[in-house]
Amino acid sequence: MPNLKLTVQSNFTKPHKKHPVIPNKLTIDTQSLMLLKHAIFGVSFTGIVYLPRSIIYLHPLKATRAGNAEIGGVDASFHVSGVGVVMREKRPKPILHPNLTPALRAQSNLTSGHSQICSLYGFKEDECIGFSISKGVENSKLGVTSRTLNSEKFVVSPMPIGNGTQVQQLLMRRNLLQPRHGDGGLSKEWAYFIANTIDIHYSYGGIEAISTAPF
């Protein structure tokens, strides 16, 4: 059986009671799994969990660089063999993620890869959390950061208990201060739940039933 061997990057957000509740079970969209299995090594994917149904979705990703001037060899970096409804001439075009700071991205009117995959599937961004995958030869990596989707959901405590004025510390002890937006990282629990789900389906899941994903 093939094994993806996902290594999880460790820039986690510390646990907080207001984080999205982890479901009893996660599953992965069938066509997303097929694309992951048949992609060559070196291909990257943007990924989301659609929280209302606890389903993982993936789509090939190409990060654009140098102000989006250099896109690179899209066809050379991604290939899907003729399986099911996804024939070679119909393989999906990668989402192009502008590798810019949030401020520069806003000025350019370009949207992030996670915004694009939500739009692709018709999901609201507040119903999704984001991550990424880089498929490797020896092992693959799961990136846990999405400033677009995770910052408002994976919040952090207002401040360390030893900081702030006496009034602020009193308000915090009484849980009267609102939590702050996080840096975009998933919690450790969510990250490993996603990684383990993908690893299991990649190794043992079938791809006979093709979903009607909008490619």
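Check the entry above for the structure.
Right, let's walk through the structure included here. (Residues numbered from 1 in each chain as written. Predicted model: local features only at pLDDT ≥ 70, side-chain atom pairs only at ≥ 80, totals over all residues. Heavy atoms only, no water.)

### Focus on the packing of aromatic side chains
And then number 1: Tallied over the full model, the rule gives six aromatic pairs.
And then number 2: Judged by centre distance (3.9 Å) and plane angle (10 degrees), the ring pair of Tyr-50 and Phe-123 falls under stacked. Taken together, the positions of Tyr-50 in strand 3 (residues 44-50) and Phe-123 in the loop between helix 4 (113-121) and strand 6 (128-134) put the pair 73 residues apart, joining distant regions of the chain.
And then number 3: What makes Tyr-50 buried here is its relative accessible area of 14%. (Phe/Tyr/Trp six-rings, centres within 6.5 Å; stacked < 30°, edge-to-face > 60°. Helix = DSSP H or I, 4+ residues; strand = E, 2+ residues; numbered from the N terminus. Buried < 20%, exposed > 50% of the residue type's maximum accessible area, 1.4 Å probe, protein only.)

### A look at the pairing of strand 7 (residues 140-143)
And then number 1: As paired strands, strand 1 (residues 6-8) and strand 7 are joined by three bridges and run parallel to one another. Among the inter-strand pairings, Leu-6 is bridged to a residue of strand 7, identified as Ser-140.
And then number 2: Sheet topology places strand 6 next to strand 7; three bridges connect them, and they run antiparallel. Bridged to Ser-132 within strand 7 is Gly-143.
And then number 3: In textbook terms, the turn of a hairpin is the stretch between consecutive antiparallel strands, and for strand 6 and strand 7 this stretch comprises five residues. (Pairing = 2+ DSSP bridges.)

### Re helix 4
And then number 1: Within helix 4, burial applies to Gly-113, His-114, Ser-115, Ile-117, Cys-118 and Tyr-121.
And then number 2: Positive phi appears at Gly-122, one or two residues downstream of helix 4, with a value of about 75 degrees.

### Description of the state of the cysteines
Chemically, a disulfide is nothing more than a covalent bond linking the sulfur atoms of two cysteines.
And then number 1: Inspection of the entire model under this criterion finds zero disulfides.
And then number 2: There is no disulfide at Cys-118, and the cysteine sulfur nearest it, in Cys-128, is 3.9 Å away.
And then number 3: Note on Cys-128: relative accessible area 0%, which makes it buried. (Disulfide = S-S within 2.5 Å.)

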